[in-house]
Amino acid sequence: MNDKPVYLDYAATTPLDPRVLEAMMPYLTEKFGNPNSIHTYGREARRAVDEAREKISQLLNCQPSEIVFTSGGTESDNLALRGVVEAYRQKGNHIITTAIEHHAVLHTCKALEEKGFEVTYLPVDEHGLVYPEQVAEAIREKTILVSVMHANNEIGTIEPIEDIVKAVKERRPDILIHTDAVQTVGHIPVDVQKLGVDLLSFSAHKFYGPKGIGGLFVRRGVKLVPQITGGGQERNRRSGTENVASILGAAKALEISIEEMPKEMTRLQKLRDDLIAEVLKRIPDSRLNGHPSQRLPHNANFSFRGIEGETLLLQLDMNGIAASSGSACSSGSLEPSHVLLALGLSYEWAIGSLRLTMGRFTTYEDILKVIELLPSIVEKLRALTGFTV
Ligand code: PLP
């Protein structure tokens, strides 16, 4: 038996795949050049960055010039939103987004509201779905940008981005559409042409790449005001010496994830479905949050009435299971998740949430451990607070 805790928090971050580390190593050591230098060292690094950009663009089905490397999902979301609205300010000041976006989008929208932009936060249905007609109906004359996430990081619901794009562009082809695909790139097929979006954010540490590296797809012709100015790297859209090893790592990680995706999706979906069925069967007063079928293959999100999610997490941790109660960023506070509240859950159900996300190194034994331990832990915690089902 392995003594290490079972890791079921892959939506928060994933371990670096050893094959990715191996690909990165030379660029952390002897191939250390700055890609902007013209000597041999620099050219070697430039080649690596160019090849990585080429690989990622092929995998997402776009042009290399349409990829901007950033420090991760948060920066990509910021660049997409702030960069676009600043560039198109003359045209309008209205943004449409949803109530369940990651804080990288929501807090950015709040900041933009303070600068005079108007934001519509669309509600979602009880499964976390946004409807295309709803987005189209929210369009105003002054709308310049729509930002709807591809899949939600807490509940795993996959949004109908393709249909949302169609519904919006049918009415107003000039409105730009961004999707935060941080939870989908490397996990389910993502093709920017098929989705039809103008901007798409991704982050390597969510698909077994290093932390602190990500990117933004920016469709050719879309204007963007850079948020980091300096030496003019990334075609003037994001200055700063390129993070060569990490860029290479992101490309390698995405290549592996996409290669293994068909098998991995089927495997994880089976683990997820067995876990969901057993938990709901064995624990009274429990529910599954998110869409029953239109959800990420590796995401299960539950609520248990009469339980506080944070206490449950501590108990699970003591029993060798690492999980999350929602998004890692909001852990540590007792605020119920804004996503669960948006689904219409009461405070009581919303604070009793548990997110279990599986990945490349999750085994069936890991899931069995949860199935065996979770019911008794929930029962014990309920007994402590005097909650009866
Ligand atoms: N967007 C979504 C949907 C996420 O899940 C995350 C990470 O949790 C982010 C953005 C932020 O990405 P990063 O951690 O790379 O800044």
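Right above here is the structure, for reference.
What counts as what
Per-chain numbering applies: the sequence of each chain, read as written, is numbered from 1 onward. Local features are withheld for residues below a pLDDT of 70 in this predicted model, meaning they are given only at 70 or higher, and side-chain atom pairs are given and counted only at 80 or more; totals for whole chains, interfaces and linings count all residues. As a rule here, side-chain values cover all heavy atoms of the structure and leave hydrogens and water aside. Counting from the N terminus, the helices are the DSSP runs of H or I reaching at least four residues and the strands are the DSSP runs of E reaching at least two. Put simply, the radius of gyration uses C-alpha atoms, and a globule should come to 2.2 Å times the residue count raised to 0.38. Residue exposure (1.4 Å probe, protein chains only): buried if accessible area is under 20% of the type maximum, exposed if over 50%, otherwise partly exposed. For the area figures, the Shrake-Rupley method with a 1.4 Å probe applies, and any residue is considered shielded solely by the protein chains shown. Residues counted as positive are Lys and Arg, residues counted as negative are Asp and Glu, and His and the chain ends are not counted. By convention, the point assigned to a charge is CZ for Arg, NZ for Lys, CD for Glu and CG for Asp. Consider each residue's heavy atoms; a residue with any of them within 4 Å of a molecule or strand counts as near. Any pair of nitrogen or oxygen atoms within 3.5 Å is treated as a polar contact; in protein, a donor-acceptor pairing is required on top of that, and neighbouring residues in sequence qualify only through side-chain atoms on both sides. Side-chain classes follow a simple rule in which Ala, Val, Leu, Ile, Met, Phe, Trp, Tyr, Cys and Pro form the nonpolar group, Asp, Glu, Lys and Arg form the charged group, and the remainder, Gly included, forms the polar group. Between any two strands, at least two bridges found by DSSP are needed for them to pair. Only rings of Phe, Tyr and Trp enter the pairing, Trp through its six-membered ring, and a pair is recorded when the two centres are within 6.5 Å. The plane angle decides the type: under 30 degrees is stacked, over 60 is edge-to-face, the rest tilted.

A. Region of interest: the overall build of the chain. When you go through the chain residue by residue, the secondary structure sums to 12 helices and 12 strands. Whereas a compact globule of 389 residues would reach a radius of gyration of roughly 21 Å, the chain reaches 21 Å, a difference of no more than 12%. Across its three principal directions, the C-alpha atoms of the chain cover 65 × 55 × 35 Å. Residue burial in the chain is summarised as follows: out of 389 residues, 57% are buried. For the chain, the accessible surface area stands at approximately 16,500 Å², while carbon and sulfur atoms represent 53% of it. Charged side chains in the chain number 43 positive and 50 negative. The centres of these two groups are separated by 4 Å.

B. Inspection of the site of the ligand at higher detail. Around the ligand, a shell composed of 13 residues is seen, among which Gly73, Thr74, Asp180, Ser203 and Lys206 lie nearest. Here Asp180 contributes a side-chain N or O atom positioned 2.6 Å from a nitrogen atom of the ligand. In isolation the ligand has 390 Å² of accessible area, and contact with the protein removes 86% of it. Considering each element in turn, the shell around the ligand owes the most residues, 3 residues, to helix α3 (residues 73-87). Its residues assigned to classes, the shell around the ligand comprises 2 nonpolar, 8 polar and 3 charged.

C. Examining the pairing of strand β12 (residues 353-357) more closely. Across the 5 residues that make up β12, a large majority, 5, are buried. Of the two faces of β12, both are covered, the one formed by Ser353, Arg355 and Thr357 as well as the one formed by Leu354 and Leu356. As judged from the 5 bridges shared by strand β10 (residues 299-304) and β12, these two strands associate in the antiparallel manner. Its bridge partner being in β12, Asn301 is matched across the sheet by Arg355.

D. Broad picture of the packing of aromatic side chains. This structure, assessed with the given rule, holds 5 aromatic pairs. The interplanar angle of 85 degrees and the centroid separation of 6.2 Å between the aromatic rings of Tyr208 and Phe361 together place this pair among those described as edge-to-face. Of the two residues, Tyr208 is situated in the loop between β7 (199-203) and β8 (214-218) and Phe361 in the loop between β12 and α12 (364-385); the sequence distance between them amounts to 153 residues. By relative accessible area, Tyr208 is classed as buried at 5%. Judged by centre distance (6.0 Å) and plane angle (20 degrees), the ring pair of Phe302 and Phe304 falls under stacked. Overall, the relative accessible area of 0% leaves Phe302 in the buried class. Chaining the aromatic ring pairs together yields one cluster made of Tyr7, Tyr10, Tyr208 and Phe361.

E. Molecular detail of the pairing of β8. Counting buried positions along β8 yields 5 of 5 residues, so the element is predominantly enclosed. Of the two faces of β8, the one carrying Gly214, Leu216 and Val218 and the one carrying Gly215 and Phe217 are both buried. Where strand β2 (residues 67-70) and β8 come together, 4 bridges link them in antiparallel fashion. From the neighbouring strand, Thr70 faces β8, where its bridge partner is Gly214. The pairing of β7 with β8 spans 5 bridges and is classified as antiparallel. Its bridge partner lying in β8, Leu200 is registered against Phe217.

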